[in-house]
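# Notes for the structure review
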Amino acid sequence: MDYLLWVIVALVAYGLMAPLTSVVTSDVPPAVALFLSTTIFLCLTAVVLVVTGTGTPSDVTSPSAQIVYVAGLFLSAGILAYYQALERGPVSVVVPIYGLFIVGSSIIGIAFLGEELTATRAAGIVVAAAAIYLAAGGEA
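The structure contained in this document is the topic of the report that follows. The shown structure was predicted, so the numbers you read here are calculated from the model rather than taken from an experiment.

What follows covers the pattern of salt bridges. Going through the model one piece at a time under the given rule, you end up with 1 salt bridge. For Glu87, the salt bridge is made with Arg88, and the minimal N-O distance between the two is 3.8 Å. On the basis of relative accessibility, which here comes to 66%, the residue Arg88 falls in the exposed class.

Written out as structure tokens, the structure is:
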């Protein structure tokens, strides 16, 4: 359960990101906003790597790093599209629709990563999809 504090920090921080991005993209193009926020993210990540002493230069060429590069491409496309959506649509609709990635990721984990599909998990996925649909006002 030592992850709960981190989840709460992530929840609060990420929860504030979407409304702030929506406000700023009325004046700053989404790609510029993403560039600036990513620059801050990279700088803070570099500080974490130095302070914690984690990571070595060989990590960037390990076999697992290749998967990280592909994941990075998907993350980049997803976040850029998310910023575009936040510029154009209401946060109260965009964020729940974006939240469908939770359902999609769960299904991929079960279908391709061998994660167990229990009745409870299946019900949770269905209820999550329904909650997202309802939270988006039926626009999902």
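The next point concerns the layout of surface pockets. Quantified by volume, the largest pocket comes out at close to 770 Å³. For the largest pocket, the lining is made up of 21 residues, of which Tyr14, Met17, Ser37, Phe41 and Tyr83 are closest to its centre. Elements represented by at least two residues in the lining of the largest pocket include exactly helix 1 (4-24), helix 2 (30-52) and helix 3 (63-88).

In this section: a nonpolar patch on the surface. A contiguous nonpolar surface patch, about 520 Å² in accessible area, is contributed by Ile8, Leu11, Val12, Leu16 and Leu20. Mapped onto the secondary structure, Val12 falls in helix 1.

Parameters and conventions
- Residues numbered from 1 in each chain as written.
- Predicted model: local features only at pLDDT ≥ 70, side-chain atom pairs only at ≥ 80, totals over all residues.
- Heavy atoms only, no water.
- Salt bridge = Lys/Arg side-chain N within 4 Å of Asp/Glu carboxyl O.
- Buried < 20%, exposed > 50% of the residue type's maximum accessible area, 1.4 Å probe, protein only.
- 1 Å grid on protein atoms, 1.4 Å probe; cavity = no way out; pocket = protein on both sides within 12 Å on 5 of 7 lines; lining within 4 Å.
- Points joined across faces, edges and corners; volume = space filled by probe spheres on them.
- Helix = DSSP H or I, 4+ residues; strand = E, 2+ residues; numbered from the N terminus.
- Patch = residues over 30% accessible without salt bridge, like charges linked within 9 Å, V, L, I, M, F, W, Y side chains within 5 Å.
- Areas by Shrake-Rupley, 256 points an atom, 1.4 Å probe, with all protein chains shown as cover.

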